[in-house]
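Listed here are the chains, written in short residue letters.
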Amino acid sequence: MFRVTFACFVLFPGSAALSAEPVLKQIHGTWRSQKQMVLIDTERMLGNLDDARPFQRDALWLRDISGRMVVFEIGRRRFIGFFDRNELRLTGDGIEGSAVLHRR
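Residues numbered from 1 in each chain as written. Predicted model: local features only at pLDDT ≥ 70, side-chain atom pairs only at ≥ 80, totals over all residues. Heavy atoms only, no water.

Points about the overall build of the protein
No. 1: Secondary structure assignment for the protein yields two helices and eight strands.
No. 2: Ordered by position from the N terminus, the helices and strands of the protein form the series α-α-β-β-β-β-β-β-β-β.
No. 3: For the protein, buried positions account for 38% of its 104 residues.
No. 4: Considering only contacts in the protein between residues 6 or more positions apart, those separated by 24 or more positions represent 31%.
No. 5: Accessible area for the protein stands at about 6,500 Å²; split by element, carbon and sulfur atoms hold 52% of it. (Helix = DSSP H or I, 4+ residues; strand = E, 2+ residues; numbered from the N terminus. Buried < 20%, exposed > 50% of the residue type's maximum accessible area, 1.4 Å probe, protein only. Contact = heavy atoms within 4.5 Å. Areas by Shrake-Rupley, 256 points an atom, 1.4 Å probe, with all protein chains shown as cover.)

Here it is as structure tokens:
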């Protein structure tokens, strides 16, 4: 828990860090569709986009949080995600149009 709080204060100075913590809990997890997999580990601020390399982790950067919409990067790829409970609507690098993923 300390790591998440610390990461919040580094990424979101001041009162924004306090409002970011529920979002970090909401986006944490493995999200899948038939074609796509996104692992978001907000405890360690790492992510994975390659289902064939399950132990690969790249840096996770949260660029903007606006309600349930989160702009984030995993490695050098940028995404916009709309998180609604266990559903993620995702667009960004390497995704044609948008994809709907579910938390597994």
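Comments concerning the sheet that holds strand E2 (residues 37-41)
No. 1: The sheet built from eight strands closes into a barrel, its strands ordered E1-E2-E3-E4-E5-E6-E7-E8 with antiparallel pairing. When the angles between neighbouring strand axes are averaged without regard to direction, this sheet yields 30°.
No. 2: Of the strand pairs in this sheet, E2 and strand E3 (residues 46-48) are connected by three bridges, and their pairing is antiparallel. By the bridge assignment for E3, Asp41 is matched with Leu46. (Pairing = 2+ DSSP bridges. Axes fitted to C-alpha atoms, helices over the stretch in contact; angles between N-to-C directions.)

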